[in-house]
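For reference, the chains in residue letters:
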Amino acid sequence: MQNSRLATIMPTSRINIEKLATPGVRGLRPYEGGKSVEELERELGISNAIKLASNENPLGPGEKALQAMRDTLAGVGRYPDGNGFSLKQRLAEKLSVDRKQITLGNGSNDVLEFVARAFVTPENNIVFSEHAFAVYPIVTQAVGASPRIVPAIDWGNDLGGMLAAIDEHTRVVFIANPNNPTGTWLKADRLDAFLKQVPDHVIVVIDEAYFEYASAGCMQVPGYDSMLTRVATHTNLVVTRTFSKAYGLAGLRVGYAVSSLEVADFLNRVRQPFNLNSVAEAAAVAALDDDEHLARSVKLNCKGLQQLIMGFTAMGLGYIPSAGNFICVDVESDGRAQFNALLREGIIVRPIDNYAMPQHLRITVGTYDENIRALAALKKVLGK
Ligand SMILES: *Cc1c(COP(=O)(O)O)cnc(C)c1O
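The following refers to the structure shown. Just so it is clear, the structure is predicted and the values come from calculations on it, not from any experiment.

About the criteria used
Residues numbered from 1 in each chain as written. Predicted model: local features only at pLDDT ≥ 70, side-chain atom pairs only at ≥ 80, totals over all residues. Heavy atoms only, no water. 1 Å grid on protein atoms, 1.4 Å probe; cavity = no way out; pocket = protein on both sides within 12 Å on 5 of 7 lines; lining within 4 Å. Points joined across faces, edges and corners; volume = space filled by probe spheres on them. Helix = DSSP H or I, 4+ residues; strand = E, 2+ residues; numbered from the N terminus. Nonpolar A, V, L, I, M, F, W, Y, C, P; charged D, E, K, R; others polar. Core = buried A, V, L, I, M, F, W, Y, C linked by side-chain atoms within 4.5 Å. Buried < 20%, exposed > 50% of the residue type's maximum accessible area, 1.4 Å probe, protein only. Contact = heavy atoms within 4.5 Å. Arc of directions from axis to C-beta. Near = heavy atom within 4 Å. Polar contact = N/O pair within 3.5 Å; in protein donor to acceptor, adjacent residues only side chain to side chain. Areas by Shrake-Rupley, 256 points an atom, 1.4 Å probe, with all protein chains shown as cover. Sits in = over half its atoms within 2 Å of the grid points. Salt bridge = Lys/Arg side-chain N within 4 Å of Asp/Glu carboxyl O.

## What to know about the layout of surface pockets
In this structure, the largest pocket occupies an estimated 600 Å³ of space. Around the largest pocket, the lining comprises 19 residues; the ones closest to its centre are Arg-29, Ala-134, Pro-137, Ile-138 and Asn-354. Within the residue set of the lining of the largest pocket, elements represented by two or more residues are β3 (125-129) and α8 (135-142). Counting residues per element, the lining of the largest pocket draws most heavily on α8, at three residues. Of the residues belonging to the lining of the largest pocket, the class tally is eleven nonpolar, five polar and three charged.

## Describing the nonpolar core
Ranked by size, the top nonpolar core spans 92 residues in total, and within it Leu-87, Leu-91, Ile-175, Phe-243, Phe-312 and Leu-378 carry the most contacts. Setting aside its immediate chain neighbours within four residues, Leu-91 contacts Ser-96, Ile-102, Leu-104, Phe-243, Tyr-256 and Leu-288. If you look at the next biggest cluster of nonpolar residues, it comprises 31 residues, including Leu-112, Ile-126, Ala-257 and Ile-320.

## Section: unusual backbone geometry
That bond from Asn-177 to Pro-178 is cis: its omega, -5 degrees, falls within 30 degrees of zero. One can find Pro-178 in the loop between β5 (170-176) and α10 (188-197). Between Asn-180 and Pro-181 the backbone carries a cis peptide bond, its omega angle lying at 15 degrees. Looking at the element boundaries, Pro-181 is found in the loop between β5 and α10. Its identity is not glycine, yet Ser-96 carries a phi of approximately 55 degrees, on the positive side. Considering the arrangement of structural elements, one finds Ser-96 in the loop between α6 (85-95) and β2 (102-105). The backbone of Ala-356 sits at a positive phi, close to 60 degrees, despite the residue not being glycine. For Ala-356, the position within the fold is in the loop between β12 (350-351) and β13 (360-364). Judged by relative accessible area, Ala-356 falls into the partly exposed class, the value being 45%.

## Points about α10
Those residues of α10 lying buried are Ala-188, Leu-191, Phe-194 and Leu-195. Axial view of α10: buried residues confined to an arc of 120 degrees, hence all on one face. Pointing more than 90 degrees away from the buried face of α10 are the exposed residues Asp-189, Lys-196 and Gln-197. Where α10 is buried, its residues contact α9 (159-165), β5, β6 (203-207) and β7 (237-242).

## A few points about the site of the ligand
Around the ligand sit 13 residues in total, of which Asp-207, Tyr-210, Thr-242, Ser-244 and Lys-245 are the nearest. For the ligand, an oxygen atom lies 2.6 Å from a polar atom in the backbone of Ser-108. Side-chain polar atom of Lys-245 to an oxygen atom of the ligand: 3.3 Å apart, as the coordinates give it. Coverage of the ligand by the protein chains reaches 94% of its 380 Å² of free accessible surface. When each cavity is represented as a set of grid points, the ligand is found to reside in the second largest pocket. For the shell around the ligand, a count of residues per class yields four nonpolar, six polar and three charged.

## As for the pattern of salt bridges
Tallying each qualifying case throughout the model produces 14 salt bridges. Asp-265 is the partner of Arg-269 in a salt bridge, and the nearest nitrogen-oxygen pair spans 2.8 Å. In this pair, Arg-269 and Asp-265 both sit in helix α12 (residues 261-270), four residues apart, roughly one turn of the helix. Arg-269 sits in the exposed class, given a relative accessible area of 56%. Among the residues examined, Asp-265 registers a relative accessible area of 36% and is labelled partly exposed. Note that Arg-296 is salt-bridged to Glu-292, the shortest N-O span being 3.9 Å. Of the two residues, Arg-296 and Glu-292 both sit in helix α14 (residues 291-314), four residues apart, roughly one turn of that helix. Take Glu-292: its relative accessible area is 60%, and that puts it in the exposed class.

Quick look at the structure:
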């Protein structure tokens, strides 16, 4: 019935919409997120699946953030503060920067896209590493620029190789520190040397999505330090952070950049006026005041990472030392097949063949019980 009605109003020949899309967007494939617990449970007819696939905080939001969200709900009939004054103010105090140096994003992915939209044309290229965060190639392609992918060293960013890859058309370098999906990190002295050598026509983005974990006292991350203080001396430096990981607010989408006033001015020009919603802003402000929840979260992560490493070692499995809340384990076989086998055990992890790591799985650190279950399932499917 509906079909025949449609047929009468459709033009006889279909318009080729693909031809209308920009060349960059035509080549894009949407970001492949992790399978959800609900989806897997429906497929398997089970009820106790666990997800260790998207580097979320297993504790979720803290009580202060939750209360702030509840308190804000009745006000959502109004538009949010387009300038995000209260969150910028709180961040500025905490980070000892000027409020105008901060650009707020709907997740830090939003901010990564602002950098590309504000500074990069199709004539430009963007430099990043092999095994780098999947959003870097996506934003590169979305603005029609070319990616320059630098081979990794020991799974991490090769800063020398990145410097060598920069040419007169390079406008941005993306570096995640720690890196996702590998968990590798760069020492601050190496990054300092890199920043000194990068030419003036290149914007350097240091993506510190896992900063709170890497800088926690209980982690073994020799030489790691944030590059935030270097923003004062490097006009072309952008440091990004997020509330999606250690703060447990991934579903709310809040991230930010700290940069020079000049760069922040341009990032703000491409930002949509209400990109940060009012519930998210209130929760983020409250989360910044909840040191206890953050401390509990990073401590749980340190212990969980040790627990996973001990389990891998007991099974004789190699892994890449990680500074984040996730770890790559070498399954010495087809990672995607093992991912599917783990799904049947009700465990969702992340296959990373699309990051050119076909024999590794990335496992997010969960609660103690979740880690036990993940290790037991891994032992079973690998026959260890
Ligand atoms: C998770 C992650 C982000 C954060 O993304 P949001 O948009 O803030 O949720 C940014 N960079 C890296 C490397 C990540 O792994």
